[in-house]
Amino acid sequence: MKRWWYGLLVLVMVAVTGCSGGKSNSSGSPSPAGDTKSSASPAASAATSATPAAGKFIELTAWSSIAPPQGLLTSKASDTKVGLSIAKKSGVSFTVNYTQGDKEQNFNLRLASKDWEDVIWTDSINFDWTEKLLKAGAIIPLDNYFTQPDKYPNLAKIPKEVLDNYRYSDGHIYQFPAGWYEDPNSIYGYWAAAGWYVNPTTLAAVNMKTEDLTSLDAFENYLKAVKAAKLKDKNGNEIIPMSAGKELRFWKTVATAFGVTTAGNGFEQQANGSFLHYRDDPRLVQALTWLNKLNREGLLDAEIASQADEQLQQKLTNQRVALVADEAWRFWGTVTAGKGPVTDLLKIKFPMAPGVSKLGVMDTYNPLGTTGAFVTTRSKNPDAVAKYADWSSEKGVSRGWEMYYGPYGEFWDWDPAAKKPNYVITDKELSDAQQKGDYKKMNELGFSSIVNLAPFDLDLNYFNKAAEPQLFWIFDMHKFYAPQQYIVKFKPYYNVKMPADGVWLKNFGTLAKLDTEYFAKLILAKNDDDFKKIWEQYQTQLEKQGNWSAAKAEWIAAKK
């Protein structure tokens, strides 16, 4: 079976990554603003010109916190077909060492060993990491590179708003920006994957239509009708009214319909100007109460608390589930491999709970950039990294797409029949490998493994006619759900930069674990009294284990 979704998934993982980390009050800078040489290693200071002769390139190294292409531990760009072509055009080839296992643990081990490559290529604007790297004397400020249009014309053209998005609390910029939108209003930089997905066979079997599903009550009636009908799948198994993926993360999709915002730090501004966190939102209790009601009436999958995504995918493939209100990431592989049983799922508009006039926000996208690269004090040639970043940052040339597929005109071209922005892959080796899902060959060719410091133009997955038979469902999914505004453009308060050593970041992981633990217990509560007791226990543990009141107070202070 042809599989185009491998490249798409890599793009998605990069495109939807949000900002994180803390905002420090420490000056922390190892050198004066813009003085990129005073903090560099002796090797960097002694480096010769960053610009090699035509067709020549400089070999540098990078450590990546971005998820590696399948099966890769390390990759040398110049050893690959795509990478060699980019190296000749940009003047730099990176050997990338990918993060293995836990990203934070890997980073902290590197920090302790001081064993850094020339570049740290990151999947987020992580000011917590910036703070730690500065304290370790591991990175240099990059301000000077954005003010030299004669040497770095494309870096000089990066909008001030983008640069400010990367500016640390000491006033300096320590990452070359990547992923910022050339068109700030584009809706093609993310995927609207959360939805209410309905099995058309079961819908018809209970004499209902999509237009009947306009409210929570209607969905509940649909689930009850499915259960009462005792419907069977083709294997004789009883149809499950409602199921979801692992760890019951579907609560966010349901809470969204109750107007609860979970995006970013989890706060939403109220009409009076105050801010409310989802943990304190009474509508969250209503959402969990509704899910508990469904469970007590036998409308939720009996295995919902323990099943892995793979089990959900198997049930969906067997068309054994009447409703999934969850993110499509839980069953992504089944809807990106071409037409099949799961692509029959119908997309239904989010219902809204009584009294709710606006969906909660589940996620945000940041047109000001989300990824980037630090230059370390061990770098052999910081100026060469800057030249590479400058080449990567050129607008209007689909540079980001070239980082995946290789240079335009050599590996791909605009479709002569469908016209720009529709395109075709012209490199036969790459096209064949993708159609076969041959990851080993794609890795050998250098597909999607190049250090990507480009701005975002269009996600050309939408404009590949050859991919439509495989990816039609998720194209339609995004076009259907994006206008419903549960994913919105980044606002500063969605991701306030918290102090690196503060209460919020110290307790963030614990608080998230408490959510997972107690929301599962609440959904599975045996009765109203049990639900009430579990909610009280949750409130107690938020304070006892998660220091919740202090964390909230710190967020309010940091927001100001």
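See above for the structure.
All values reported here derive from a predicted model rather than from experimental measurement.

Caption draft 1: Quick peek at the overall build of the protein chain. A count of helical and extended segments in the protein chain gives 21 helices and 16 strands. In summary, the protein chain has a C-alpha radius of gyration of 25 Å against a globular reference of 24 Å for 560 residues, a match within 12%. Dimensions of the protein chain along its principal axes, counting C-alpha atoms only, are 75 × 55 × 40 Å. Split into buried and exposed, the 560 residues of the protein chain put 56% on the buried side. For the protein chain, restricting intrachain contacts to residue pairs at least 6 apart in sequence, the fraction spanning at least 24 positions comes to 79%. Counting every atom, the protein chain has about 22,900 Å² of accessible surface; 51% of that belongs to carbon and sulfur. Counting 64 positive and 62 negative side-chain charges, the protein chain places the averaged centre of each group 0 Å from the other.

Caption draft 2: Geometry of the packing of helix 11 (residues 282-296) against helix 19 (residues 503-523). In contact at an axis separation of 7 Å, helix 11 and helix 19 are set at 50° when each is read in the N-to-C sense. By the angle class used here, helix 11 and helix 19 are oblique. Taken together, the residues of helix 19 that come into contact with helix 11 (itself represented by Leu-284, Leu-288, Leu-291, Asn-292 and Asn-295) are Phe-519, Leu-522 and Ile-523.

Caption draft 3: Summary view of the sheet that holds strand 10 (residues 321-327). Pairing within the open sheet is mixed, and its 4 strands lie in the order 7-10-6-11. In this open sheet, the two edge strands, each paired with only one partner strand, are strand 7 (240-243) and strand 11 (346-348). Direction aside, neighbouring strands of the sheet carry axes that sit 20° apart on average. Bridge count for strand 6 (residues 194-198) against strand 11 is 3 bridges, and the pairing is antiparallel.

Caption draft 4: Main features of the environment of Tyr-98. Structurally, Tyr-98 can be placed in strand 3 (residues 92-98). Taking the C-alpha atoms as reference, Tyr-98 lies 8.4 Å from Ser-75; in sequence the two are 23 residues apart. If sequence neighbours within four positions are ignored, Tyr-98 has contacts with Ser-64, Ile-66, Pro-68, Pro-69, Leu-72, Leu-73, Thr-74, Ser-75, Trp-121 and Ser-449.

Caption draft 5: Examining the sheet that holds strand 13 (residues 371-375) more closely. Within the open sheet, the 6 strands sit side by side as 2-3-1-4-13-5. Their pairing is mixed. The sheet is open, and its two borders are formed by strand 2 (74-76) and strand 5 (176-178), each paired with just one other strand. For this sheet, the mean inter-axis angle between neighbouring strands, taken without regard to orientation, is 25°. Where strand 4 (residues 119-122) and strand 13 come together, 4 bridges link them in antiparallel fashion. Among the inter-strand pairings, Val-119 is bridged to a residue of strand 13, identified as Val-375.

Caption draft 6: Representation of the environment of Val-162 in the model. With respect to the helices and strands, the residue Val-162 is situated in helix 7 (residues 160-166). As for Val-162 and Gly-369, which are separated by 207 residues in sequence, their C-alpha atoms are 6.6 Å apart. In this structure Val-162 touches Pro-177, Trp-180 and Leu-368, once residues within four positions along its chain are discounted.

Caption draft 7: View of the nonpolar core. Counting 170 residues, the largest nonpolar core has Phe-176, Trp-196, Tyr-222, Met-242, Val-254, Phe-331 and Met-477 as its most contacted members. No other element matches helix 19, which puts 8 residues into this core. With residues up to four places along the chain from it excluded, the contact list for Met-477 reads Trp-191, Ala-192, Ala-193, Tyr-197, Ala-328, Trp-332 and Lys-347.

Caption draft 8: How the structure looks around helix 16 (residues 428-436). Those residues of helix 16 not exposed but buried are Leu-430, Ser-431, Ala-433 and Gln-434. Down the axis of helix 16, the smallest arc covering the buried residues is 165°, so these residues share one side. Turned more than 90 degrees off the buried face of helix 16, the exposed positions are Lys-428 and Lys-436. Buried-residue contacts for helix 16 involve helix 15 (399-405), strand 15 (423-425) and helix 17 (439-445). One side-chain oxygen of the residue at the start of helix 16 lies 3.3 Å from the amide nitrogen of Glu-429, identifying that residue as Asp-427. The first or second residue beyond helix 16 is Gly-437, which carries a positive phi of 65°.

Caption draft 9: Summary view of the side chain of Glu-554. With respect to the helices, strands and loops of the structure, Glu-554 is situated in helix 21 (residues 548-559). Buried within the structure, Glu-554 lacks any salt-bridge partner; Lys-506 is the closest side chain of opposite charge, at an N-O distance of 8.2 Å. Separated by 2.7 Å, the side chain of Glu-554 and the backbone nitrogen of Trp-504 make a polar contact.

Caption draft 10: Layout of helix 20 (residues 528-544). Taking 1.5 Å per residue, 17 residues should reach 24 Å; helix 20 reaches 24 Å between its end C-alpha atoms and fits that length. Burial in helix 20 covers these residues: Phe-531, Ile-534, Trp-535, Tyr-538, Gln-541 and Leu-542. The buried residues of helix 20 occupy an angular sector of 130° when the element is viewed end-on, so they sit on one face. Among the exposed residues of helix 20, those oriented more than 90 degrees off its buried face are Asp-529, Lys-532, Lys-533 and Lys-544. Here helix 20 starts with a cap whose side-chain oxygen sits 3.2 Å from the backbone nitrogen of Asp-529, and that cap is Asn-527.

Caption draft 11: How the structure looks around the environment of Gly-372. Structurally, Gly-372 is set in strand 13. In this structure the C-alpha to C-alpha distance between Gly-372 and Phe-490, which are 118 residues apart in sequence, comes to 17 Å. If we skip the residues at most four places from it in the chain, Gly-372 touches Ile-120, Trp-121, Thr-122, Gln-175, Phe-176, Ala-178 and Leu-453.

Caption draft 12: Region of interest: unusual backbone geometry. Of the consecutive residues Lys-420 and Pro-421, the connecting peptide bond is found in the cis state with omega at 10°. Within the secondary structure, Pro-421 sits in the loop between strand 14 (412-414) and strand 15. In this structure, Ser-398 is a non-glycine residue whose phi angle is positive, near 55°. Within the element layout of this structure, Ser-398 appears in the loop between helix 14 (382-392) and helix 15. Look at Lys-419: it is not a glycine, yet its phi comes out positive at around 70°. Its location among the elements puts Lys-419 in the loop between strand 14 and strand 15.

Caption draft 13: A look at the packing of aromatic side chains. Counted under the stated rule, the structure contains 53 aromatic pairs. On the numbers, 5.8 Å between centres and 40° between planes, the contact of Tyr-518 with Tyr-538 is tilted. One end of the pair, Tyr-518, is in helix 19; the other, Tyr-538, is in helix 20, and 20 residues separate them in sequence. By the burial criterion, Tyr-518 is buried, and Tyr-538 matches it. Cluster of aromatic residues (ring-pair linked, three or more members): Trp-196, Tyr-197, Phe-219, Phe-258, Trp-290, Phe-331, Phe-350, Trp-473, Phe-480, Tyr-481 and Tyr-486. Here the guanidinium or amino end of Arg-399 rests over the ring plane of Trp-391, the centre of that ring lying 3.9 Å away. Between the NZ or CZ atom of Lys-521 and the centre of the ring of Tyr-518, over which it lies, the distance is 4.7 Å.

What counts and what doesn't
- Residues numbered from 1 in each chain as written.
- Predicted model: local features only at pLDDT ≥ 70, side-chain atom pairs only at ≥ 80, totals over all residues.
- Heavy atoms only, no water.
- Helix = DSSP H or I, 4+ residues; strand = E, 2+ residues; numbered from the N terminus.
- Rg over C-alpha atoms; globule rule 2.2 N^0.38 Å.
- Buried < 20%, exposed > 50% of the residue type's maximum accessible area, 1.4 Å probe, protein only.
- Contact = heavy atoms within 4.5 Å.
- Areas by Shrake-Rupley, 256 points an atom, 1.4 Å probe, with all protein chains shown as cover.
- Lys, Arg positive; Asp, Glu negative; His and termini not counted.
- Charge placed at Lys NZ, Arg CZ, Asp CG, Glu CD.
- Axes fitted to C-alpha atoms, helices over the stretch in contact; angles between N-to-C directions.
- Parallel < 35°, antiparallel > 145°, perpendicular 65-115°, else oblique.
- Pairing = 2+ DSSP bridges.
- Core = buried A, V, L, I, M, F, W, Y, C linked by side-chain atoms within 4.5 Å.
- Arc of directions from axis to C-beta.
- Polar contact = N/O pair within 3.5 Å; in protein donor to acceptor, adjacent residues only side chain to side chain.
- Salt bridge = Lys/Arg side-chain N within 4 Å of Asp/Glu carboxyl O.
- Expected span 1.5 Å × (residues − 1).
- Phe/Tyr/Trp six-rings, centres within 6.5 Å; stacked < 30°, edge-to-face > 60°.
- Lys NZ or Arg CZ within 6 Å of the ring centre and 35° of its normal.

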